[in-house]
Amino acid sequence: MKKIAILFSGSGTNLKYILDNLHNKKIEVVLALTNNPNAGGIEYAKEYNIPLIVEDSKKYNSREEFDAKVVKHIKKANVDLTVLAGFMRILTPVFTTNINAINLHPSLLPRHKGLNAIEKSFKDEFSEGGVSVHWVTSELDGGEIILQNEIKKEGLSFKEYYNNIRIIEKKAIVEAITKVLLE
């Protein structure tokens, strides 16, 4: 069975979706790691008995120092793939050159890299928005795209659009993990 690590920073709903749909079925989640000691996803990791590491990024003097610690944890877990599922960190080459990772991003890349992508996507001139899953490289949200899922924006309020993005991103990350590891 293929093994993955999941990195997250917030509510952990993507982590939970991966656990519900892939864990111990097609792949094994062997590590959950967060940079946020208050992340909601911590409870999901505990609920599913996933080895959990809380590595508070604010305790480090540099991004490189933090990334080196994260790399050490991931290497020790001996995973086939690392999945960034709402991991709100800009990663340095210390991470990107040492870890085979994919990232979930809530826009149709290359549009709207970085923060606030859902808001930017909702307000842009295109009739559709969506999500992307891509390989992690040293360029922010610039790695090769593995897959994209689109939704139409017409007639949607921002709240409806936001909620639809959150729904399709969960399906996209599971689809991408499956595609990368099992196809």
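Rules used in this analysis
- Each chain carries its own residue numbering, running from 1 in the written order of its sequence.
- Given that the model is predicted, a residue must reach a pLDDT of at least 70 before its local features are reported, and side-chain atom pairs must reach 80 or more before they are shown or counted; all residues, however, enter totals for whole chains, interfaces and linings.
- Calculated side-chain values reflect all of the structure's heavy atoms, with hydrogen atoms and water omitted.
- The numbering of helices and of strands both runs from the N terminus, where a helix is a DSSP run of H or I of at least 4 residues and a strand a run of E of at least 2.
- As defined in this context, the radius of gyration uses C-alpha atoms, and a globule is described by 2.2 Å times the residue total to the power 0.38.
- Type-normalised accessible area, obtained with a 1.4 Å probe on protein chains alone, sets the label of each residue: buried when under 20%, exposed when over 50%, and partly exposed for intermediate values.
- Any two residues having at least one pair of non-hydrogen atoms within 4.5 Å are treated as being in contact.
- Each aromatic pair joins two rings of Phe, Tyr and Trp (for Trp, the six-membered one) with centres within 6.5 Å, and gets the label stacked for planes under 30 degrees apart, edge-to-face for over 60, and tilted for any other angle.
- The criterion for a charge sitting over a ring is simple: Lys NZ or Arg CZ within 6 Å of the ring centre, and within 35 degrees of the ring normal.
- One side-chain nitrogen of Lys or Arg within 4 Å of one carboxyl oxygen of Asp or Glu is enough to make a salt bridge.
- Every angle, taken between N-to-C directions, lies between 0 and 180 degrees, and every axis is a line fitted to C-alpha atoms, over only the stretch in contact when it is a helix.
- For classification purposes, angles smaller than 35 degrees are called roughly parallel, those larger than 145 roughly antiparallel, those between 65 and 115 roughly perpendicular, and all remaining angles oblique.
- For any pair of crossing helices, the crossing counts as left-handed if the nearer helix is rotated counterclockwise from the farther one by less than a right angle, and right-handed if it is rotated clockwise.
- Each polar contact in these results corresponds to two N or O atoms within 3.5 Å; when the atoms are within protein, one needs to be able to donate a hydrogen and the other to accept it, and residues that are neighboring in sequence are counted only if both atoms are side-chain atoms.

Within the protein chain, the regular secondary structure consists of six helices and seven strands. Across the protein chain, helices and strands are ordered from the amino to the carboxyl terminus as β-α-β-α-β-α-β-α-β-α-β-β-α. Taken over C-alpha atoms, the radius of gyration comes to 16 Å for the protein chain, in line with the 16 Å a tight globule of 183 residues would show. In terms of principal-axis extent, the alpha carbons of the protein chain reach across some 45 × 40 × 30 Å. Relative to its 183 residues, the protein chain shows a buried fraction of 49%. Considering only residue pairs separated by 6 or more positions, the protein chain has 65% of its internal contacts joining residues 24 or more positions apart.

Glancing now at the packing of aromatic side chains. What the rule picks out here adds up to four aromatic pairs. Through successive ring pairs, a cluster of aromatic residues spans Phe122, Phe158, Tyr161 and Tyr162. Above the face of the Phe66 ring, Arg89 is positioned so that its terminal group lies 4.6 Å from the ring centre. The ring of Phe126 has Arg111 sitting right over it, with the charged end atom 3.6 Å from the ring centre.

Enumeration over the complete set of coordinates arrives at five salt bridges. Among the ionic pairs, Lys16 bridges to Asp20, the shortest N-O distance being 2.8 Å. Of this pair, Lys16 and Asp20 both sit in helix α1 (residues 13-21), separated by four residues, roughly a single helical turn. In this structure Asp20 comes out as partly exposed when scored by relative accessible area, which is 31%. Here Glu169 and Arg166 are joined by a salt bridge, their closest N and O atoms 2.9 Å apart. Pair noted here: Glu169 and Arg166 are both in helix α6 (residues 158-182), with a separation of three residues, about one helical turn. Accessibility expressed as a relative area gives 2% for Glu169, which makes it buried.

Bringing the packing of α1 against α6 into the picture now. Where α1 contacts α6, the two axes come as close as 9 Å, and the packing angle between them is 50°. Here α1 is positioned oblique relative to α6, judged by the angle of their axes. Here α1 and α6 pass one another in a crossing that is right-handed. Between α1 and α6, the residues in contact are Thr13, Asn14, Tyr17, Ile18 and Asn21 and Glu169, Lys170, Lys171, Ile173, Val174 and Ile177, respectively.

Quick look at the side chain of Asn35 now. Position of Asn35 among the secondary structure elements: in the loop between β2 (27-34) and α2 (41-47). At 2.5 Å, the side chain of Asn35 and the side chain of Ser9 are in polar contact. Discounting residues that sit within four places of it in the chain, Asn35 has contacts with Phe8, Ser9, Glu55, Asp56, Ser57, Phe66, Phe87, Met88 and Arg89.

What follows concerns the environment of Ile145. Note on placement: Ile145 falls in strand β7 (residues 145-152). Those residues in contact with Ile145 that sit more than four places away from it in its chain are Leu109, Val133 and His134.

None of this, on its own, says anything about what the molecule does.
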